Amino acid sequence: GNSVTQMEGPVTLSEEAFLTINCTYTATGYPSLFWYVQYPGEGLQLLLKATKADDKGSNKGFEATYRKETTSFHLEKGSVQVSDSAVYFCALPNQAGTALIFGKGTTLSVSS
Amino acid sequence: GAGVSQSPSNKVTEKGKDVELRCDPISGHTALYWYRQSLGQGLEFLIYFQGNSAPDKSGLPSDRFSAERTGGSVSTLTIQRTQQEDSAVYLCASSLEYGYEQYFGPGTRLTVT
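The shown structure was predicted, so the numbers you read here are calculated from the model rather than taken from an experiment.

## Quick look at the sheet that holds strand β3 (residues 19–21) of chain A
All names here are of chain A. With respect to topology, four strands assemble into an open sheet ordered β3-β9-β8-β7, the strand pairing being antiparallel. The sheet is open, and its two edges are formed by β3 and β7 (56–59), each paired on a single side. Pairs of neighbouring strands in the sheet enclose a mean axial angle of 20 degrees, with direction left out of account. Judged from the three bridges that link them, β3 and strand β9 (residues 75–77) form a sheet pairing that is antiparallel. Its bridge partner lying in β9, Thr20 is registered against Glu76.

Below is the structure:
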């Protein structure tokens, strides 16, 4: 079945540093891929998505490109802010499309 | 418009008691999902509703867990004879239809003492 693996955290960065959080997937076909974010004390929010190969999803300065050659969907941001401190989850649908499968989550802490 | 809401936000219960968790999806969303988030297991799928029926309940961990959805809207997740390992945050999500992006509620934090 479909699965996703993302780098374990925590990731600790200084403000304005470059961020990469790695995510690789195994899937039948080419499902949509997602990044969700969970800010402290809040629920999960969709950060960005890509629906087909070579698509780039972007939002709030974050980007991720759907790469079928490397089965990856790495999350990047050129200059992180303290307010980006959160837990980030990579996700894709299960084979039946009835649920999302999430990675373990990566905790990002940004200090000023 | 209003997002997905869940109640209660926190629930503390004694081992062996039954609990009911409620989810109000976004109006007009036909698909509804329950997940569980715990430190050891991460985010786990529990059950998927399309309308009032549950075509995928493969994630329910035992027969102590059940869920229903009425009127194509509100859903209730029931856990009978709670155990300490049931302690987790229970998340509800809804989507416009099957296959569309999911919007999550704030969750119910369940603590079994």
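There is more to say after this.
## Describing unusual backbone geometry
Most peptide bonds take the trans form, and the phi angle of most residues other than glycine is negative. Here the residue pair Gly9 of chain A and Pro10 of chain A is connected by a cis peptide bond, since its omega of -5 degrees sits within 30 degrees of zero. Mapped onto the fold, Pro10 of chain A is located in the loop between β1 (3–6) and β2 (11–14). Between Ser7 of chain B and Pro8 of chain B the backbone carries a cis peptide bond, its omega angle lying at -10 degrees. Among the secondary structure elements, Pro8 of chain B is positioned in the loop between β1 (5–7) and β2 (10–13).

## Structural notes on the nonpolar core
Ranked by internal contacts, the top residues of the largest apolar core, which has 26 residues, are Leu19, Trp35, Leu47, Leu48, Phe73, Leu75 and Tyr88 of chain A. Every element with two or more residues in this core is listed here: β2, β3, β4 (23–26), β5 (33–38), β6 (44–50), β8 (62–65), β10 (86–93) and β12 (106–111) of chain A. Top element by residues in this core is β10 of chain A. It accounts for four residues. Every residue in contact with Leu19 of chain A, bar those within four places of it in the chain, is listed here: Val11, Leu13, Phe62, Leu75, Glu76, Lys77, Val80 and Leu108 of chain A. Among the nonpolar cores identified, the runner-up in size contains 19 residues, and Leu21, Leu46, Leu60 and Phe65 of chain B belong to it.

## Considerations on the environment of Thr70 of chain A
As for its placement among the helices and strands, Thr70 of chain A is situated in the loop between β8 and β9. Side-chain polar atoms of Thr70 of chain A contact the side chain of Ser72 of chain A, separated by 2.8 Å.

Each value, and the rule that gives it
Residues numbered from 1 in each chain as written. Chains lettered and ligands numbered in written order. Predicted model: local features only at pLDDT ≥ 70, side-chain atom pairs only at ≥ 80, totals over all residues. Heavy atoms only, no water. Pairing = 2+ DSSP bridges. Helix = DSSP H or I, 4+ residues; strand = E, 2+ residues; numbered from the N terminus. Axes fitted to C-alpha atoms, helices over the stretch in contact; angles between N-to-C directions. Core = buried A, V, L, I, M, F, W, Y, C linked by side-chain atoms within 4.5 Å. Buried < 20%, exposed > 50% of the residue type's maximum accessible area, 1.4 Å probe, protein only. Contact = heavy atoms within 4.5 Å. Polar contact = N/O pair within 3.5 Å; in protein donor to acceptor, adjacent residues only side chain to side chain.

Spatial relationships are all this shows, so hold off on functional conclusions.
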